[in-house]
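# Examination of the molecular architecture
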Amino acid sequence: MEDREIDFSYISEPAGDFSKEAVFWPGKKKQITIRPDPDLLDFYKGAGRGGQSRTNNVLRRYRKAFDLKEKKAAYE
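Throughout this description, residue numbers start from 1 for each chain and increase along the sequence as written. Local features in this predicted model are restricted to residues whose pLDDT is 70 or higher, and side-chain atom pairs enter the listing and the counts only when it is 80 or higher, whereas totals over whole chains, interfaces and linings include all residues. No hydrogens and no water enter the side-chain calculation; it runs on all heavy atoms of the structure.

### Here we look at the overall build of the protein
Put simply, the rule is: Where helices and strands are cited, they refer to DSSP runs of H or I of at least four residues and of E of at least two residues respectively, numbered from the N terminus. The buried label applies to any residue whose accessible area, calculated with a 1.4 Å probe on protein chains only, is under 20% of its type's maximum; exposed applies above 50%, and partly exposed to all values in between. Calculation of accessible area relied on Shrake-Rupley with a 1.4 Å probe; when residues are assessed, cover is drawn exclusively from the protein chains displayed.
On a plain count of helices and strands, the protein comes out with two helices and zero strands. The buried share of the protein, taken over its 76 residues, is 3%. In the structure as shown, the protein presents an accessible area of about 8400 Å², 56% of it carried by carbon and sulfur atoms.

See below:
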């Protein structure tokens, strides 16, 4: 079967702005070395697998919050 022969008529359109929470994929990750305080390291590693991903998410959210503050200040 070729792509043009596929029937997509049963699939509904996405409701609202489904891409509002989409995250731009920034590309390949880079390896770095950081020296966090022991309590922070224990916190992120102590939560189980995925500590590096959680740390990355915290940094990304901080950056997003910082960007929003700058944009807001520009309109004041």
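Next comes the rest of the description.
### Things to note about the layout of surface pockets
Note the following rule: In this analysis, the protein atoms alone were mapped onto a 1 Å grid. Cavities are point sets where a 1.4 Å probe fits without being able to get out; pockets are open sets with protein on both sides within 12 Å along at least five of seven lines; lining residues have an atom within 4 Å of a point. Grid points are joined across faces, edges and corners, and a volume is the space filled by probe spheres set on the points. Each residue is assigned to one class: nonpolar for Ala, Val, Leu, Ile, Met, Phe, Trp, Tyr, Cys and Pro, charged for Asp, Glu, Lys and Arg, and polar for all the others, Gly among them.
Here the largest pocket is characterised by a volume of approximately 1000 Å³. What lines the largest pocket is a set of 25 residues, and nearest its centre among them are Ile34, Gln52, Thr55, Asn56 and Leu59. Of all the secondary-structure elements, those providing two or more residues to the lining of the largest pocket are helix H1 (38-46) and helix H2 (51-75). In terms of residue count, H2 provides more of the lining of the largest pocket than any other element does, nine residues in total. Considering only residue class, the lining of the largest pocket consists of eleven nonpolar, nine polar and five charged. In this structure, the second largest pocket occupies an estimated 560 Å³ of space. What lines the second largest pocket is a set of 14 residues, among which Ala22, Val23, Phe24, Arg60 and Lys64 lie closest to the centre.

### Quick notes on a nonpolar patch on the surface
Using the following cut-off: Only residues whose relative accessible area exceeds 30% and that form no salt bridge enter a patch; like-charged residues are grouped when within 9 Å of one another, and nonpolar side chains (Val, Leu, Ile, Met, Phe, Trp, Tyr) when within 5 Å. The term salt bridge refers to a pairing of a side-chain nitrogen on Lys or Arg with a carboxyl oxygen on Asp or Glu at a separation within 4 Å.
Judged by side-chain polarity, Met1, Ile6, Phe8, Tyr10 and Ile11 come together as a nonpolar surface patch covering roughly 630 Å² of accessible area. Residue placement: Phe8 occurs in the segment before H1.

### Digging into the environment of Arg60
Rules: It only takes one pair of heavy atoms within 4.5 Å for two residues to be counted as in contact.
Within the secondary structure, Arg60 is located in helix H2. Among the residues examined, Arg60 registers a relative accessible area of 31% and is labelled partly exposed. For Arg60 and Val23, which are 37 residues apart along the polypeptide, the C-alpha to C-alpha distance reads 10.0 Å. When neighbours within four sequence positions are excluded, Arg60 is seen to be in contact with Val23 and Pro26.

### Digging into the packing of aromatic side chains
Stated precisely, the cut-off is as follows: For Phe, Tyr and Trp, rings pair up if their centres lie within 6.5 Å, where Trp contributes its six-membered ring, and each pair is then called stacked (planes under 30 degrees apart), edge-to-face (over 60) or tilted (otherwise).
Taken as a whole, this structure holds one aromatic pair when the rule is applied. Pairing Phe43 with Tyr44 gives two aromatic rings, centres 5.0 Å apart and planes at 85°, and the pair type is edge-to-face.

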